[in-house]
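Listed here are the chains, written in short residue letters.
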Amino acid sequence: VTSPATASGDVYQLVFRTNADGTARVLKDGAAVTGTLRIRADVYCEMPVELTGDETELAVEFTPDPAFTFSAFRRLSSYDPCVFTQTVTRRALGKDGVIRVSKNGKAENGGTSPEDAVDLQTALDYAAPGQTVLLSAGVYDLSGRTLTVARGRDGSEEKPIAVKPAENAFVTLD
């Protein structure tokens, strides 16, 4: 599963890829949401899944095709079915298309105002297409930490995710 473990809306774009041909089923909270899907090796499979509640358990049950081989001399070490799970946490941050961030922001805040600011990583985890992550002035100490934008945390040309300083604010990521 290559899609992020966080979401900001009701519909989540599940993305996964296998290294072998085979079949798969997608489950949400233990119940099948697809029939049997035919899967090709190294081809991304994308599908929207409606989220329910703040946390949704998704699973991909994959069964390799018994005839699949990498080459005439390379086979899978196992053709047994396998299950890949991902718990997706849904949370909407910000107000009026803006997520407020400060150097002392807290992950549990809502990002709706300077007093309710979240930390930068939380904003990056939950930013939705069309939102702006607005950084309050200051030096953001990133010592020993890496900021990560998860694969699949995408905006679009029409609705980009922007990260910028607040008006007249000087921001340093250090």
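Residues numbered from 1 in each chain as written. Predicted model: local features only at pLDDT ≥ 70, side-chain atom pairs only at ≥ 80, totals over all residues. Heavy atoms only, no water.

Participant: How would you sum up the overall build of the protein chain? Please name residues and give values.
Facilitator: Broken down by element type, the protein chain carries 1 helix and 13 strands. The order of α-helices and β-strands along the protein chain, N terminus first, is β-β-β-β-β-β-β-β-β-α-β-β-β-β. Scaling as 2.2 N^0.38, a compact globule of 174 residues should have a C-alpha radius of gyration of about 16 Å, whereas the protein chain reaches 20 Å, well beyond that. A principal-axis box enclosing the C-alpha atoms of the protein chain has dimensions of 65 × 35 × 30 Å. Residues counted as buried form 37% of the 174 residues belonging to the protein chain. Carbon together with sulfur atoms contributes 49% to the accessible area of the protein chain, which is approximately 10200 Å² in total. (Helix = DSSP H or I, 4+ residues; strand = E, 2+ residues; numbered from the N terminus. Rg over C-alpha atoms; globule rule 2.2 N^0.38 Å. Buried < 20%, exposed > 50% of the residue type's maximum accessible area, 1.4 Å probe, protein only. Areas by Shrake-Rupley, 256 points an atom, 1.4 Å probe, with all protein chains shown as cover.)

Participant: Quick one: what's the story with the nonpolar core, residue by residue and with numbers?
Facilitator: Y12, L14 and F16 are the most contacted members of the largest nonpolar core, which totals 20 residues. Within the residue set of this core, elements represented by two or more residues are strand 2 (11-16), strand 3 (22-28), strand 6 (45-50) and strand 7 (55-64). Not counting residues up to four positions away in its chain, the partners in contact with L14 are V1, S3, V26, C45, E46, M47, V49, L58 and V60. Of all hydrophobic cores here, the second largest spans 12 residues; its members include L93, I99, V101 and L135. (Core = buried A, V, L, I, M, F, W, Y, C linked by side-chain atoms within 4.5 Å. Contact = heavy atoms within 4.5 Å.)

Participant: Go over the sheet that holds strand 9 (residues 98-101), please, and point to the residues and values.
Facilitator: Judged by pairing direction, the sheet is parallel, and its 3 strands sit side by side in the order 9-10-12 without closing on themselves. In the strand order of this sheet, the two ends are held by strand 9 and strand 12 (162-165), each with one partner. For this sheet, the mean angle separating the axes of adjacent strands, direction not counted, is 25 degrees. Pairing geometry for strand 9 and strand 10 (residues 132-135), over 4 bridges, is parallel. (Pairing = 2+ DSSP bridges. Axes fitted to C-alpha atoms, helices over the stretch in contact; angles between N-to-C directions.)

Participant: Describe the packing of aromatic side chains, and please don't skip the residues or the numbers.
Facilitator: In this structure the tally under the stated criterion is 1 aromatic pair. Residues F68 and F70 carry aromatic rings whose centres are separated by 5.2 Å and whose planes lie at 80 degrees to one another, so their mutual orientation is edge-to-face. Exposure remark for F68: the relative accessible area of 10% places this residue in the buried category. Look at F70 and you get partly exposed, because its relative accessible area is 35%. (Phe/Tyr/Trp six-rings, centres within 6.5 Å; stacked < 30°, edge-to-face > 60°.)

Participant: Give me the lowdown on a negative patch on the surface, citing residues and values where you can.
Facilitator: A grouping of D29, D54, E55 and E57 is seen on the molecular surface, where their side chains present a negatively charged patch. Summarising the element assignment, D54 is placed in the loop between strand 6 and strand 7. (Patch = residues over 30% accessible without salt bridge, like charges linked within 9 Å, V, L, I, M, F, W, Y side chains within 5 Å. Salt bridge = Lys/Arg side-chain N within 4 Å of Asp/Glu carboxyl O. Lys, Arg positive; Asp, Glu negative; His and termini not counted. Charge placed at Lys NZ, Arg CZ, Asp CG, Glu CD.)

Participant: Can you break down the pattern of salt bridges residue by residue, with the values?
Facilitator: Proximity of charged atoms lets side chains of opposite charge pair with each other. Here the structure, examined in full by the defined rule, presents 4 salt bridges. Here R90 ties to D10 by a salt bridge, and the two come within 2.5 Å at their closest N and O atoms. With a gap of 80 residues between them, R90 in strand 8 (residues 82-90) and D10 in the loop between strand 1 (6-7) and strand 2 connect regions that are remote in the sequence. Of the residues examined, R90 reaches a relative accessible area of 19% and is grouped as buried.

Participant: How would you summarise the environment of T122 if you had to cite specific residues and measurements?
Facilitator: Examined against the element boundaries, T122 turns out to sit in helix 1 (residues 120-126). Taking relative accessible area as the criterion, T122 reaches 8% and is therefore assigned buried. Linking T122 and T36, residues 86 residues apart in sequence, is a C-alpha distance of 36 Å. Not counting residues within four places of it along the chain, the set of residues in contact with T122 comprises R91, L93 and A107.

Participant: Outline the side chain of S3, listing residues and values.
Facilitator: Residue position: S3 is located in the segment before strand 1. Polar side-chain contacts of S3 include one of 2.8 Å to the side chain of Y12. One polar contact links the side chain of S3 to the main-chain amide nitrogen of V15, over a distance of 3.1 Å. Beyond its immediate stretch of four places on either side in the chain, S3 contacts Y12, Q13, L14, V15, Q86 and R151. (Polar contact = N/O pair within 3.5 Å; in protein donor to acceptor, adjacent residues only side chain to side chain.)

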